[in-house]
Amino acid sequence: MPQCIVIADEITGGSAVGAMLEKNGTSVCSLMNARGLKDPLTADYDCLVYSTNSRNLTDQQSYQMVFSAARLLKSDEVKIYAKRIDPAMRGNTCAETVALLDALGDSDRVAIVVPGFPALKRTNVGGYILVDGKPLQKSLAGLEDLFPAETGRVADLFTEKFQYKAEALHLKEYLKGTENLANTIKKMAKKGVRAIVLDCTSQEDINMIADAVLLSGIKFIAVDPGPFTATLARKVMRPKKVAKQASETKIFGIVGGVNPLISAQVEQLRLEEKVLIVMVRNLELLEDLQRRNAEINRVVDEIVTKFNSFTIAFAVSDNMEINNQLVPEYQEMLLKTNRTQAEAIDIIATAYGQIVAKVLEKRPDIKALYTKGAEFTVATCRELKSMGLKILGQVLPLTCYGEMIDGDYAGLKCVTSASSATDTNTITDSIQYLKRKLTI
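Bear in mind that the values here come from a model prediction, so they are computed numbers and not experimental data. (Residues numbered from 1 in each chain as written. Predicted model: local features only at pLDDT ≥ 70, side-chain atom pairs only at ≥ 80, totals over all residues. Heavy atoms only, no water.)

**Q** Describe the environment of threonine 380, and please don't skip the residues or the numbers.
**A** Mapped onto the fold, threonine 380 is located in helix 15 (residues 374-383). Residue classification places threonine 380 among the buried residues on the basis of a relative accessible area of 1%. Separated by 110 residues in the primary sequence, threonine 380 and arginine 270 have C-alpha atoms spaced 23 Å apart. Once residues lying within four places of it in the same chain are set aside, the contact partners of threonine 380 are Ile254, Gly353, Val356, Leu369, Thr371 and Met404. (Helix = DSSP H or I, 4+ residues; strand = E, 2+ residues; numbered from the N terminus. Buried < 20%, exposed > 50% of the residue type's maximum accessible area, 1.4 Å probe, protein only. Contact = heavy atoms within 4.5 Å.)

**Q** Would you mind going over unusual backbone geometry in detail, with residue names and values included?
**A** Of note, asparagine 53 is a non-glycine position whose phi angle comes to about 50°, a positive value. Mapped onto the elements of the fold, asparagine 53 is located in the loop between strand 3 (47-51) and helix 2 (59-73).

**Q** If you had to explain the sheet that holds strand 8 (residues 134-135) to someone new, which residues and values would you point to?
**A** One open sheet accounts for 3 strands, arranged 6-7-8; its pairing is antiparallel. On the outer flanks of this sheet lie strand 6 (122-125) and strand 8, each paired with one strand and no other. (Pairing = 2+ DSSP bridges.)

**Q** Describe the sheet that holds strand 5 (residues 110-113), listing the residues and the values that go with them.
**A** Hydrogen bonds between backbone atoms are what pair the strands of a sheet, whose relative direction is either parallel or antiparallel. Read from one edge of the open sheet, 8 strands run 2-3-1-4-11-5-10-9, paired in parallel fashion. Of all the strands in the sheet, the pair left with one neighbour each is strand 2 (28-31) and strand 9 (166-169). Averaged over all neighbouring strand pairs, the angle between strand axes comes to 20°, with direction disregarded. The pairing of strand 1 (residues 4-8) with strand 4 (residues 80-84) spans 4 bridges and is parallel. Paired with isoleucine 7 across the strands is lysine 83, a residue of strand 4. Relative to the sheet, helix 1 (residues 11-22) contacts strand 1, strand 2, strand 3 and strand 4, its axis offset from that of strand 2 by approximately 175°. The strands touched by helix 5 (residues 154-161) within the sheet are strand 5, strand 9 and strand 10 (195-198), with strand 10 carrying the most contacts at an inclination of about 165°. (Axes fitted to C-alpha atoms, helices over the stretch in contact; angles between N-to-C directions.)

**Q** Run through the nonpolar core, naming residues and quoting values.
**A** Formed by 40 residues in total, the largest nonpolar core has its most connected members in Phe252, Ile303, Ala315, Ile355 and Leu369. Of all the secondary-structure elements, those providing two or more residues to this core are strand 12 (250-255), strand 13 (276-280), helix 12 (289-306), strand 14 (312-317), helix 13 (326-337), helix 14 (341-362), strand 15 (366-372) and helix 15. Here this core takes 11 residues from helix 14, the largest share from any one element. If near-sequence neighbours (up to four positions away) are discounted, alanine 315 is found in contact with Phe252, Gly253, Ile254, Val255, Val278, Val280, Val299, Ile303, Tyr352 and Ile355. (Core = buried A, V, L, I, M, F, W, Y, C linked by side-chain atoms within 4.5 Å.)

**Q** Got a sec to walk through the packing of aromatic side chains? Specific residues and values, please.
**A** Per the stated rule, a full pass over the model turns up 6 aromatic pairs. Ring centres of tyrosine 352 and phenylalanine 376 lie 5.2 Å apart, and the angle between their planes is 85°; on these two criteria the pair is classed as edge-to-face. Residue tyrosine 352 is located in helix 14, and its partner phenylalanine 376 is located in helix 15; the two are separated by 24 residues in the primary sequence. Tyrosine 352 sits in the buried class, given a relative accessible area of 0%. (Phe/Tyr/Trp six-rings, centres within 6.5 Å; stacked < 30°, edge-to-face > 60°.)

**Q** An account of the environment of glutamate 295 is requested, with residue identities and associated values reported.
**A** Secondary-structure assignment places glutamate 295 in helix 12. On the accessibility criterion, glutamate 295 (2% relative accessible area) is buried. Ignoring any residue separated from it by four or fewer positions in sequence, one finds glutamate 295 in contact with Met279, Val280, Arg281, Glu284 and Leu285. Reaching out from glutamate 295, the side chain makes a polar contact with the backbone nitrogen of arginine 281 at a distance of 2.8 Å. (Polar contact = N/O pair within 3.5 Å; in protein donor to acceptor, adjacent residues only side chain to side chain.)

**Q** Pulling in residues and values, what's your account of the pairing of strand 1?
**A** Each regular strand carries side chains that alternate between the two faces of the sheet. Of all 5 residues in strand 1, 5 are buried; the element is thus mostly enclosed. On strand 1, burial covers both faces: Cys4, Val6 and Ala8 on one face and Ile5 and Ile7 on the other are all buried. Across 5 bridges, strand 1 lies against strand 3 in parallel orientation. Among the inter-strand pairings, cysteine 4 is bridged to a residue of strand 3, identified as cysteine 47.

**Q** Report on the side chain of threonine 231, specifying residues and quantitative values.
**A** Inspection of the secondary structure puts threonine 231 in helix 8 (residues 227-236). We classify threonine 231 as buried; its relative accessible area is 1%. A distance of 3.1 Å separates the side chain of threonine 231 from the side chain of glutamine 203, its partner in a polar contact. Look past the residues within four positions of threonine 231 in its chain and what remains in contact with it is Gln203, Ile206, Asn207 and Ala210.

**Q** Would you mind going over the pairing of strand 2 in detail, with residue names and values included?
**A** On strand 2, burial follows the alternation: Cys29 and Leu31 on one face are buried, whereas Val28 and Ser30 on the facing-out side are not. Summarising the sheet, strand 2 and strand 3 pair through 4 bridges and their orientation is parallel. Bridging from a neighbouring strand, valine 28 pairs with cysteine 47 of strand 3.

In structure tokens, the structure reads:
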């Protein structure tokens, strides 16, 4: 029997969730015919996604279809039940959520509603759906809908149309930490709340919500477009030993480039992930050998000392947002040290490669690297005595995933991005990609 059951109201959305679940390393079956619900062929899959094709039916009809399917799929072996909803809230969201709760039969089970889909630039803020920062009704997604939501506020939809008690939790609650969020969810469940609608602006929010729900110990169903369900599955559908190993796995990255685009990517990383960022004073690296070594050792010592409290750490240039004030200092340093710009870049890149080598030597729990820019990737391979990378896949355009071919750290996983990779989420998406690969 599958460990994860997802009920969707149409096949394409359901299959999209299935693709997210497959990324966790689980086997997935997507069905659109009730005949397959009890077919022995589907019993060996880890996840089963069933599409009722009920989006354009009445509330009562869609309730009955979801209820019937859920009763057939109910099993003690299932760890996660999920109701896949449309990112634009099309369909009979409340009726089908109630149907799944009723079919499972637990009066204390709570629907955890997380309408955000950060990868599609769809967020939920203050209970409102925003598409690329705009209210749903003002976006193209809203115009495309045959039956657009009457309001862009998901919280209102549930408090007004949901059969049971529903409440919303907003971003301010997340600032108090995962444990506090877990306690809040637990108290709401004890109060009889059957649906909690949560704000969501990023994958980090989704991670926190998933951790808080699991920590709370409540019975729940996931109600979302897919990312929340996939995150829960990644955390739940693994043996505890594997989960513990994953939580202890470290990722280390270097970003030595100097332009506002890269700066924006680092800032996005800071917002999305709990990450240790240690600034490297690039101008110090261009001074004499003694000062260069002192700066390298300072950065390494800070990373090694503080890494216990983080799973991700980055050594990042202090002058990424190169400006008119900094350019003269840089030019002055080139004149002072009698170096060309190419020579200076090589020295700086080599220093970052040495930082990587020293950090890896002192932190054997680091299982993956991230490097930004050709010079820094080459320098890292050189310092690790590797001839290059075995390419294993593409993360994004201009961003690849691979592993060290040989040298002291053969097999070490690595994501490398070109300096010209323009997406603001390049580094964040790369880290998420590595996390998935390391925990499968």
